[in-house]
Amino acid sequence: MPKFSANLSMLFNEVDFMQRFRCAKEQGFTAIEYMFPYDYSVQALRGALEENQLTQVLQNLPAGDWAAGERGIACLPGREAEFRDGVGLAVEYARALGCAQINCLIGNPDKSVAQHKTDEIVVANLSYAARELAKANIRLLVEPINKYDMPAFYLQTTRQALELMDWVASPNLFIQYDIYHMQRMEGELAHTMETLLQKIAHIQVADNPGRHEPGTGEINYDYLFRALDKMGYRGWIGCEYKPATTTAAGLSWIKQYQH
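None of these values were measured; they are calculated from a predicted model. (Residues numbered from 1 in each chain as written. Predicted model: local features only at pLDDT ≥ 70, side-chain atom pairs only at ≥ 80, totals over all residues. Heavy atoms only, no water.)

## Comments concerning the layout of surface pockets
Line of reasoning, step 1. Roughly 350 Å³ of volume is contained in the largest pocket.
Line of reasoning, step 2. In terms of lining residues, the largest pocket is bounded by 21 residues, among which Met35, Trp66, Met150, Arg211 and Glu240 are the most central.
Line of reasoning, step 3. Counting only elements with at least two residues in the lining of the largest pocket, the list comes to β3 (55-60) and α6 (179-185).
Line of reasoning, step 4. Partitioned by chemical class, the residues of the lining of the largest pocket number nine nonpolar, six polar and six charged. (1 Å grid on protein atoms, 1.4 Å probe; cavity = no way out; pocket = protein on both sides within 12 Å on 5 of 7 lines; lining within 4 Å. Points joined across faces, edges and corners; volume = space filled by probe spheres on them. Helix = DSSP H or I, 4+ residues; strand = E, 2+ residues; numbered from the N terminus. Nonpolar A, V, L, I, M, F, W, Y, C, P; charged D, E, K, R; others polar.)

Here is the structure:
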């Protein structure tokens, strides 16, 4: 059966962030993930995990000035030192919190920079991050994001992700496969996941249209979950969706899969 983690950046927004750990436990989750831990102390986050007997399975690298519209800095010239500092900070948090995976949001490229130069910057930054994370036994992930929600994002398809992985040539670089984003960009979900199974370290779910919970749209999640079991996928599946109403009211879909 699939293993689900609650994405605390998207779920339980009815309460403050630090209260969402308890909400996740109360709804039967044993694992959580979120975008960024850096506004909170390691001690507070570790306490919330321990108190609620939760495992943290994912966080992101620092992604620049989020409020100003930045969605990652790995593709931006002149930000290399900031990127490397962010890798160090992310590893510090992840090690203290027992988190074995960190996702790199690559960001929106500077349109004034030639594509080949942007590619070189991305490869150099990811190569550095992959090496540093490997030293701490942490996997580095990259995530393609659909062009409708984030038109300027550097990485938009699994084909691009595979090409990037070839360029970096690190055994410590994996794909974070978000089913919602890839439904919008590609389709062929089950076939793609089976083909890339050894390269996928984490999966996230939301339905389409609307990016709400599974069962609210066109994606046959029951089929996909059974297919992932049959393929032998053993990683976590992150619930990274926008609840259509309240989080708790929308969680009926998951009860059949929770033990």
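## Here's the deal with the sheet that holds strand β6 (residues 173-178)
Line of reasoning, step 1. Sheet architecture is closed into a barrel: eight strands sit in the order β1-β2-β3-β4-β5-β6-β7-β8, paired in parallel fashion. Sheet twist, expressed as the average angle between the axes of neighbouring strands with direction ignored, equals 30°.
Line of reasoning, step 2. When strand β2 (residues 31-33) meets β3, the two strands line up parallel, connected through three bridges. Its bridge partner lying in β3, alanine 31 is registered against threonine 55.
Line of reasoning, step 3. Of the strands in this sheet, β4 (101-104), β5 (139-142) and β6 are in contact with helix α4 (residues 115-135), which crosses β5 at around 150°. (Pairing = 2+ DSSP bridges. Axes fitted to C-alpha atoms, helices over the stretch in contact; angles between N-to-C directions. Contact = heavy atoms within 4.5 Å.)

## Quick notes on the UniProt feature "domain: Xylose isomerase-like TIM barrel" (unreviewed entry) in the protein chain
Line of reasoning, step 1. Per the UniProt annotation, the sites labelled "domain: Xylose isomerase-like TIM barrel" (unreviewed entry) are residues 22-256.
Line of reasoning, step 2. Across residues 22-256, the secondary structure splits into 38% helix and 14% strand, with the terminal C-alpha atoms separated by 21 Å. (UniProt positions renumbered as here; feature names shortened; annotations may be inferred.)

## A word on the nonpolar core
Line of reasoning, step 1. If you look at the biggest cluster of nonpolar residues, it comprises 87 residues, and the most contacted ones within it are Phe21, Ile106, Leu126, Ile179 and Met193.
Line of reasoning, step 2. Aside from chain neighbours lying at most four places away, what touches isoleucine 106 is Arg71, Gly72, Ile73, Ala74, Cys75, Val122, Leu126, Val142, Phe153, Tyr154, Leu155 and Leu164.
Line of reasoning, step 3. In terms of nonpolar packing, the next biggest core, distinct from the first, is built from seven residues, Leu58, Leu141, Ala201 and Trp236 among them. (Core = buried A, V, L, I, M, F, W, Y, C linked by side-chain atoms within 4.5 Å. Buried < 20%, exposed > 50% of the residue type's maximum accessible area, 1.4 Å probe, protein only.)

## Side note on the environment of cysteine 99
Line of reasoning, step 1. Here cysteine 99 lies in the loop between α3 (80-97) and β4.
Line of reasoning, step 2. On the accessibility criterion, cysteine 99 (3% relative accessible area) is buried.
Line of reasoning, step 3. Separated by 84 residues in the primary sequence, cysteine 99 and valine 15 have C-alpha atoms spaced 24 Å apart.

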